[in-house]
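# Overview (structure and organization)
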Amino acid sequence: MDSVSSSFSFLHPLHLHPFLLNPSKTPNSPSNPKFLIFFLFFLSFLTFSFSASDSPSQSTYIRICNNLVTASPIRRPNEAATSSAAIADSLRFQTGYFTSAHRLFNRSAASDYSKRLSFRVTSVRSTQNDDVFELRGQILLQQRGANSNYRRLLKVYRGHRVSNWRVSQWIRAFLWGFWSRSSGKLCMIGTGSDGNKLTDANVVLKLRYPLDLNVLDTLVSGTLESFDDKSSLNYFEPISILALSQGLDYRFTLVGNANEDENGGCFGGSDGENLPLGDLSKGACTVFRGRMDQFELEYGSHCGEVSCNPIGSGAQKLPDFMYFYGSRCVARQRVQMLLGFPDTSYHDFLFPFYPNTTLISEGVWDEKENRLCATACRILNFTGALGIGDSGYFGKVGFQSSFKSARGLQGYVYTEIERVRKYCGEKMNDSGRGKKKYPDGYSSDMRFSMTIRSDKGQVARGYSSPLFVGEQSYEGLLYGVLTKMGKLKSPRTGSDHYSSLSNVSYTMNFSPPPDFKLGDQISSPEVKINAEGIYNRNTGILCMTGCRNLRSNGKILMKNESMDCEIVVNVQFSALNARRRDSVKGTIESTRLKSDPYYFGPLQLSSISIYTSQADASIWRMDFEIVMLLISNTLACLLVGLQLLHVRKHPEALPYISIVMLLVITLGHMIPLILNFGALFSHSEQTVFLGSEGWLEVNEVVVRMVTMIAFLLELRLLHLTWSSRQHEGSQPGLWGSEKKVLCITLPLYVGVILTAWFVHILRSAPRKGSRPFRLSRHRFKFPLGQAYQSPSILEDLKSYAGLLLDGFLLPQIIFNITSNAEGYTLASSFYVGTTIVRILPHAYDLYRAHTSAWFLDSSFIYANHRMGFYSTAWDIVIPCGGVLFAVLVYLQQRFGSRCILPKRFRESSVYEKVPAIGNDEL
């Protein structure tokens, strides 16, 4: 947005531009001492006159704002002044909400959580009134619409918050004015623009800051108004503003005071043993300040009788999540927080500040009990009034971290390890065999996406991620991003006796379809299993016992009311150095009796997530294939150019070039260009998945541009050949030979097309339990329950075009035989070089298939399986055929076009017409 804001006009202070004086036409030149003295006196007078305010229009401020904050002359530089940095920090805010002006913001399409508001002060100057300060600053109001790429991004960043919004409408205003410290009022005027409807609109910002900053008076309220004429295009309705104050003199009044009881304001004792925070330099502030976390809400059975909605009984639906944001923290333990309860449509990185669903809270960290105790207040109205009372009573609601909120904890207490050894003792004692290497317990490879399949064939998808490995919190980058992620800090100290067994805790989430059943009950929209157990890095076996929250009416029940902890999870990780790609496999089983209502059949777990090393290898391979493809297409251009030079030196060779061959070559490049035309302008989901979207898309465009150049050169060669056949003196028998070539090759090409269409039908409707029939090697494994997605008919046409190019010399060989052509029709560099260019992808595909332990088939760039026929058989047959065709053309041009035929077929069938001899001449 900074680049946009630079183009907006701003109410700058009055600047004195230098006088443009021409000495030749001005009697009082600057060299005149009297004029110079007069000019300096006039300049000092202006400076003194406007020292009270650098505003471009002081009268405008007096007319609009003087009744709120009286303007005051600026204090001279040598006079004492208050620290401007502290005032600027106390007046800024970045967490706020505003009502939408209908003309600027689309009310119907906007979500209440999509609005963002920020205000910052860029300059503070003291005035002659110690209570008033001159300010310069800017305010930004944003309303964001739905992100069209959200679903695609959610697949990539599975299990973490991904922004579902993009900035669609905004207004930025640059302001100048005054703030009164005693009244807390601020009034500033300036110009605002939105890049569309507004251009240099005259606006006024009026704010009221709290005087006694505490939890009951911590909100900044005000308006942004237009003082243009109502008939002006720049006029808009007043916009109400509500924001959280960032003042430095906040006073904790509800909790954390010295006169509170020994429990620090907490009601009741702790439900169990709480883990302490780590040895942090700033105490609890290190964990809470400036951090946003998401928690799942848990409701008890009493919620059917009384309201359990934290945001009031007027809400129609109980919220599923609570968002926590630590806005300020002082004295290592006192925390001010915002608690948000948005609906399930909210997905963003920023706190959802909406007055109707936000609570403002303050609390204190109890170091004895290792817990945070806080009191919260609702926002009663848009003026910023907060309240505490019995009118908004709601029942007890529990909450738990929905992702990972364990930062700062010293460790994890494992309570189920002995139970795990009971179920998985033999597996854990296995020391492993062979030279297989499995992921280290502290590596990022331990988290994976997964597919769950029930015993009835129902399928659900989710993710798994460690919470703790040993005593260490499992930190890392966002889940699912295929970038280079280093290992976590391993407890190894250089000893060779480092244990292969590690205690681990996991969170496993999956979202089943509506008809998915766990036991006798239909499953909830999301199933979450918290588990702990042992991981054996020598065998790649992970064995855990876990608990799942039971739900009622789609809501999580409180922990002490309903938990199913009779679950065993077994996971087998695939080897890092496996010669073939094996997916992660496992089971989730219930240890309850089958008669128990909470019993469910075994769930099969599988994953196609790739390891970090495999992702690095795939990205390196893709970079190499991009270079190879660019070289291949560039060579194709050069080789056609060499053929054009050849026919320029030997124009008599033009008529003897097969037009069918040139059509095959031209169409072979044209078909992929047409079918891939959208790639020049569209984004590829695969490139986003591989984390190198921009680099790959740029190279795709370059590759297609080079291919287009080759296509145009081939089109030029085709045009020259066709024109040479039209000239007088050209042999009419050449067209007859061309027809024979067409009669021989056309049925062959049609047969191949029908075969490709027949294969496409077989692949489009695979039978249950049978592998799909395919002519190409596709080693990509699909997870359990996911149907095989066969290539479309357009992709089959791409492969067919590649096969035509592989056999491009066949029409020329037949044409040479039928026309009995002599001489060097084709340049050896053209047909030999083009043959090599067509052979190299198949040779590389053989090499890739036998050296790569894993690859993603849809990420192929060079030797792309969707652009030709590639398999072990095709990679042998096609190069052999290409070499054979090149040898035949060489023999035809060296020893005659029919030298490859048996001797009895080599005689010419053309008879010379001789004059008849009559009897009189005898």
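Starting afresh in each chain, residues are numbered from 1 along the sequence in its written order. Selection of residues for local features in this predicted model requires a pLDDT of at least 70, selection of side-chain atom pairs for listing and counting requires 80 or more, and totals for whole chains, interfaces and linings are taken over all residues. Just so you know, side-chain values use all the structure's heavy atoms and leave hydrogens and water out.

Moving on: the overall build of the protein chain. A helix here means a DSSP run of H or I that spans at least four residues, while a strand means a run of E at least two residues long, and both kinds are numbered starting from the N terminus. Along the backbone of the protein chain there are 16 helices and 28 strands. In the protein chain, which comprises 922 residues, the share counted as buried stands at 47%. By definition in these notes, contact holds between two residues if any of their heavy atoms fall within 4.5 Å. When contacts within the protein chain are restricted to residue pairs at least 6 apart in sequence, long-range pairs at least 24 apart make up 71% of them. Each accessible area value is a Shrake-Rupley result obtained with a 1.4 Å probe; residue values ignore everything except the protein chains displayed when judging cover. Surface accessibility of the protein chain: about 47400 Å² in total, with carbon and sulfur atoms responsible for 57%. Categorising residues by exposure relies on relative accessible area from a 1.4 Å probe, with only protein chains included: less than 20% of the type maximum marks a residue as buried, more than 50% marks it as exposed, and the intermediate range marks it as partly exposed.

Attention shifts here to the packing of helix α15 (residues 828–851) against helix α16 (residues 874–895). Each pair of packed helices gets described by two things: the angle between the helix axes and the distance between those axes. Between α15 and α16, the least distance of the axes is 9 Å, while the angle of their chain directions is 165 degrees. Judged by the inter-axis angle, α15 sits roughly antiparallel to α16. Relative to α16, the crossing made by α15 is left-handed. Residues Tyr831, Thr835, Ile839, His842, Asp845 and Leu846 of α15 form the contact with α16, whose own contacting residues are Trp874, Asp875, Ile876, Ile878, Pro879, Gly882, Val883, Ala886, Val889, Tyr890 and Gln893. To get an axis, fit a line to the C-alpha atoms, keeping to the stretch in contact for a helix; angles then go from 0 to 180 degrees between the N-to-C directions. Angles below 35 degrees are treated as roughly parallel, those above 145 as roughly antiparallel, those between 65 and 115 as roughly perpendicular, and all remaining angles as oblique. Helix crossings get a hand from a simple test, with the near helix turned counterclockwise from the far one by less than a right angle marking a left-handed crossing and a clockwise turn marking a right-handed one.

Another aspect to go through is a nonpolar patch on the surface. Patch membership requires over 30% relative accessible area and the absence of a salt bridge. Like charges are linked within 9 Å, and nonpolar side chains (Val, Leu, Ile, Met, Phe, Trp, Tyr) within 5 Å. What counts as a salt bridge is simple: a side-chain nitrogen of Lys or Arg found within 4 Å of a carboxyl oxygen of Asp or Glu. On the surface, a cluster of nonpolar side chains totalling about 740 Å² of accessible area is made up of Leu742, Leu746, Val750, Leu754, Trp757, Phe758, Ile761 and Leu762. Checked against the element boundaries, isoleucine 761 lands in helix α12 (residues 733–764).

The next thing to look at is unusual backbone geometry. The phi torsion at asparagine 370 lies on the positive side, around 55 degrees, for a residue other than glycine. In this structure, asparagine 370 sits in the loop between β12 (358–366) and β13 (371–379). What makes asparagine 370 buried here is its relative accessible area of 16%.

Here we take up the packing of aromatic side chains. Centre distance within 6.5 Å is the pairing criterion for rings of Phe, Tyr and Trp, where only the six-membered ring of Trp is used; planes under 30 degrees apart are then read as stacked, over 60 as edge-to-face, and the remainder as tilted. In this structure the tally under the stated criterion is 20 aromatic pairs. For the pair tyrosine 61 and tryptophan 176, a centre-to-centre distance of 5.5 Å together with 70 degrees between the ring planes defines the contact as edge-to-face. Here tryptophan 176 lies in strand β4 (residues 165–180) and tyrosine 61 lies in helix α3 (residues 58–65), a separation of 115 residues in the sequence. Exposure remark for tyrosine 61: the relative accessible area of 0% places this residue in the buried category. Taken together, a centroid distance of 5.7 Å and an interplanar angle of 85 degrees make the contact between phenylalanine 448 and phenylalanine 573 edge-to-face. Note that phenylalanine 448 is positioned in strand β16 (residues 448–453) and phenylalanine 573 in the loop between β26 (563–572) and β27 (584–590), a separation of 125 residues in sequence. Take phenylalanine 448 and phenylalanine 573: they sit in the same class, and that class is buried. Site record: aromatic cluster; members linked through ring pairs are Trp620, Phe624, Tyr844 and Tyr862. The criterion for a charge sitting over a ring is simple: Lys NZ or Arg CZ within 6 Å of the ring centre, and within 35 degrees of the ring normal. Just above the ring of phenylalanine 98 sits the side chain of lysine 115; from NZ or CZ to the centre is 5.6 Å.

Where two cysteines share a covalent bond between their sulfur atoms, that bond is called a disulfide. Criterion for a disulfide: a pair of cysteine sulfur atoms at a distance within 2.5 Å. Enumeration according to the criterion identifies five disulfides in this entry. With its sulfur 2.0 Å from that of its partner, cysteine 285 forms a disulfide with cysteine 329. As the torsion about the S-S bond is roughly -75 degrees, the cysteine 285-cysteine 329 disulfide counts as left-handed. Of this pair, cysteine 285 sits in helix α6 (residues 285–288) while cysteine 329 sits in strand β10 (residues 321–330), placing them 44 residues apart in sequence. Between the sulfur atoms of cysteine 303 and its disulfide partner cysteine 308 the distance amounts to 2.2 Å. Taking the torsion about the sulfur-sulfur bond, which here is approximately -100 degrees, the covalent link between cysteine 303 and cysteine 308 counts as left-handed. In this structure cysteine 303 comes out as buried when scored by relative accessible area, which is 17%.

It is worth spelling out the pattern of salt bridges at this point. Overall, the coordinates contain 16 salt bridges when judged by the stated rule. We note a salt bridge from arginine 592 to aspartate 564, for which the minimum N-O separation is 2.8 Å. Of the two residues, arginine 592 is situated in the loop between β27 and β28 (603–607) and aspartate 564 in strand β26; the sequence distance between them amounts to 28 residues. Residue class for aspartate 564 comes out buried when judged on its relative accessible area of 0%. Beyond isolated ion pairs, a larger network of salt bridges with shared partners links Arg548, Asp564, Arg592 and Asp596.

Our focus in this paragraph is the pairing of strand β23 (residues 541–549). Within β23, eight of the nine residues are buried, which leaves the element mostly enclosed by the surrounding structure. As paired strands, strand β22 (residues 527–536) and β23 are joined by eight bridges and run antiparallel to one another. By the bridge assignment, asparagine 530 is partnered in β23 with cysteine 547. Taken together, β22 and the strand that follows it, β23, pair antiparallel across an intervening segment of four residues, in which glycine 540 is found at a positive phi of about 75 degrees. The pairing criterion for strands is at least two bridges between them, as found by DSSP. Relative to β26, β23 runs antiparallel, the two being bridged by eight bridges. Bridging across to β26, arginine 548 finds its partner in aspartate 564.

Values of pLDDT, the confidence the predictor places in each residue, fall between 0 and 100. The predicted model of the protein chain has a mean per-residue pLDDT of 76, with 68% of residues at 70 or higher. Confidence drops under pLDDT 50 across residues 147–165; counting only partners more than four residues distant or on other chains, this segment forms 63 contacts. Overall, residues 909–914 carries pLDDT values under 50, and its contacts beyond four positions in sequence, including any with other chains, amount to one contact.

For the rest of this paragraph, the subject is the packing of helix α8 (residues 612–649) against α15. The N-to-C vectors of α8 and α15 enclose an angle of 165 degrees; their axes lie 8 Å apart at closest approach. Comparing the axis directions of α8 and α15 gives the class roughly antiparallel. At the point where α8 passes α15, the crossing takes the left-handed sense. Packed against α8, whose contacting residues are Arg621, Phe624, Glu625, Ser632, Leu635, Leu639, Val640, Leu642 and Gln643, the element α15 presents Ser829, Phe830, Gly833, Thr834, Val837, Tyr844 and Arg848 at the interface. Asp, Glu, Lys and Arg are counted as charged, while Ala, Val, Leu, Ile, Met, Phe, Trp, Tyr, Cys and Pro are counted as nonpolar; the rest, among them Gly, fall into the polar class. Each residue belonging to the contact of α8 with α15 can be placed in one class, and the counts come to eight nonpolar, five polar and three charged.

Along the chain, threonine 721 turns up in helix α11 (residues 693–726). Setting aside residues up to four positions removed in sequence, threonine 721 forms contacts with Leu654, Ile657, Ile659 and Leu662.

For strand β8 (residues 239–244), the tally of buried residues reaches five of six residues, placing the bulk of the element in the interior. One ladder, built from six bridges, connects strand β7 (residues 219–226) with β8; its direction is antiparallel. When the bridges of β8 are listed, threonine 223 appears paired with serine 240.

Once that is clear, we can look at α3. Of the residues making up α3, those classed as buried are Thr60, Tyr61, Ile64 and Cys65. What you see down the axis of α3 is that its buried residues fit within an arc of 100 degrees, all on one side. Summarising the geometry of α3, the exposed residues directed more than 90 degrees from the buried face are Ser59 and Arg63. Working note: the arc is built from the helix axis to C-beta atom directions.

In this fold, methionine 322 is placed in strand β10. A relative accessible area of 7% places methionine 322 in the buried class. Once the C-alpha coordinates of methionine 322 and glutamine 400 are considered, the two residues, 78 residues apart in sequence, prove to be 9.3 Å apart. Sequence-distant contacts of methionine 322, defined by excluding residues within four places in its chain, comprise Asp293, Gln294, Phe295, Leu297, Leu339, Gly340, Phe341 and Phe399.

Moving on, we get to α16. For α16, built from 22 residues, the straight-helix expectation of 32 Å at 1.5 Å per residue is met to within 8% by its first-to-last C-alpha distance of 31 Å. Restricting attention to buried positions, one finds in α16 the residues Asp875, Ile878, Pro879, Gly882, Phe885, Ala886, Leu888, Val889, Gln892 and Gln893. The span expected for a helix works out to 1.5 Å for each residue beyond the first.

The next thing to look at is the environment of proline 513. With respect to the helices and strands, proline 513 occurs in the loop between β19 (501–511) and β20 (517–518). Using a relative accessible area of 24% as the deciding quantity, one classes proline 513 as partly exposed. Put simply, proline 513 and alanine 460 are 53 residues apart on the chain and 6.5 Å apart in space, counted from C-alpha to C-alpha.

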